[in-house]
Amino acid sequence: MYIQERGRSLRNASMIVDVLHIVVGILIVTLAVISFLNPEDHMFLFPAIFFLAGALNMVNGIYKIRLSGREKKKKAAGMAVLMFGVLLIALTVISAVSIWWG
């Protein structure tokens, strides 16, 4: 019974991650198109794009780490994705500071 419940939760988590990828991906592309059509008027969208990309990478990294179990290579790949997410969040802060107070 425990194995079946764990299998269902992994399927639910996989579906949630897939839906999140689709929704955030569409949102990032839309914001990027809007911001590149007129960058001077839409500079405030760049931190939002970086934040969404960072959040998506962090969710993906955490999902990979939790899914890896005892496999060190998969856990290392998840940690790398998580690190890129953290770097994108840092880029969000740098971008926001340079746009809003620069």
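Above: the structure in question.
Residues numbered from 1 in each chain as written. Predicted model: local features only at pLDDT ≥ 70, side-chain atom pairs only at ≥ 80, totals over all residues. Heavy atoms only, no water.

**Student:** Help me understand the nonpolar core, please; the structure alone is not making it clear to me.
**Tutor:** In summary, soluble globular proteins display a tendency toward joint burial of nonpolar side chains. V24, I28, L31, A32, L45, I49, L52 and L56 form the largest nonpolar core, which has 8 residues in total. Elements with a minimum of two residues in this core: α1 (2-37) and α2 (45-68). (Core = buried A, V, L, I, M, F, W, Y, C linked by side-chain atoms within 4.5 Å. Buried < 20%, exposed > 50% of the residue type's maximum accessible area, 1.4 Å probe, protein only. Helix = DSSP H or I, 4+ residues; strand = E, 2+ residues; numbered from the N terminus.)

**Student:** Explain the environment of V86 here, please?
**Tutor:** Note on placement: V86 falls in helix α3 (residues 72-100). A relative accessible area of 45% means that V86 is categorised as partly exposed.

**Student:** In this structure, what is going on with the layout of surface pockets? I would like to understand it.
**Tutor:** If a probe as big as a water molecule is rolled over the atoms, it shows which places are left empty. There is about 330 Å³ of room inside the largest pocket. Those elements that provide at least two residues to the lining of the largest pocket are α1 and α2. Across the lining of the largest pocket, the residue classes break down as 7 nonpolar, 2 polar and 2 charged. (1 Å grid on protein atoms, 1.4 Å probe; cavity = no way out; pocket = protein on both sides within 12 Å on 5 of 7 lines; lining within 4 Å. Points joined across faces, edges and corners; volume = space filled by probe spheres on them. Nonpolar A, V, L, I, M, F, W, Y, C, P; charged D, E, K, R; others polar.)

**Student:** What should I look at first to understand a nonpolar patch on the surface in this one?
**Tutor:** The grouping of M15, V19, I22, V23 and I26 at the surface amounts to a nonpolar patch, some 500 Å² of accessible area in total. Turning to its location among the elements, V19 is positioned in helix α1. Judged by its relative accessible area of 45%, V19 falls in the partly exposed class. (Patch = residues over 30% accessible without salt bridge, like charges linked within 9 Å, V, L, I, M, F, W, Y side chains within 5 Å. Areas by Shrake-Rupley, 256 points an atom, 1.4 Å probe, with all protein chains shown as cover. Salt bridge = Lys/Arg side-chain N within 4 Å of Asp/Glu carboxyl O.)

**Student:** Would you mind showing me how to read the pattern of salt bridges here?
**Tutor:** Opposite charge on two side chains makes pairing possible when the charged atoms of those side chains draw close. One pass over the structure, following the stated rule, counts 1 salt bridge. Taking the shortest distance from any N to any O, the salt bridge between K74 and E71 comes out at 3.7 Å.

**Student:** Teacher, can you tell me more about the side chain of S95 here?
**Tutor:** Considering the arrangement of structural elements, one finds S95 in helix α3. By relative accessible area, S95 is classed as buried at 10%. Once residues within four sequence positions are removed from consideration, S95 is found in contact with F46, P47 and F50. (Contact = heavy atoms within 4.5 Å.)

**Student:** Even after reading the chapter, I still don't get α2, so can you show me in this structure?
**Tutor:** Side chains three or four residues apart in an α-helix point the same way, a direct result of the helix having 3.6 residues per turn. Here α2 is 24 residues long and its end C-alpha atoms lie 34 Å apart, about the 34 Å a rise of 1.5 Å per residue gives. Those residues of α2 lying buried are L45, F46, P47, I49, L52, G54, L56, N60, G61, Y63 and S68. (Expected span 1.5 Å × (residues − 1).)

**Student:** Sorry, what's going on with the environment of G85 here?
**Tutor:** Its location among the elements puts G85 in helix α3. By relative accessible area, which is 0% here, G85 ends up buried. Measuring from C-alpha to C-alpha, the distance between G85 and L37 comes to 26 Å, with 48 residues separating the pair along the chain. If we skip the residues at most four places from it in the chain, G85 touches G54, N57 and M58.

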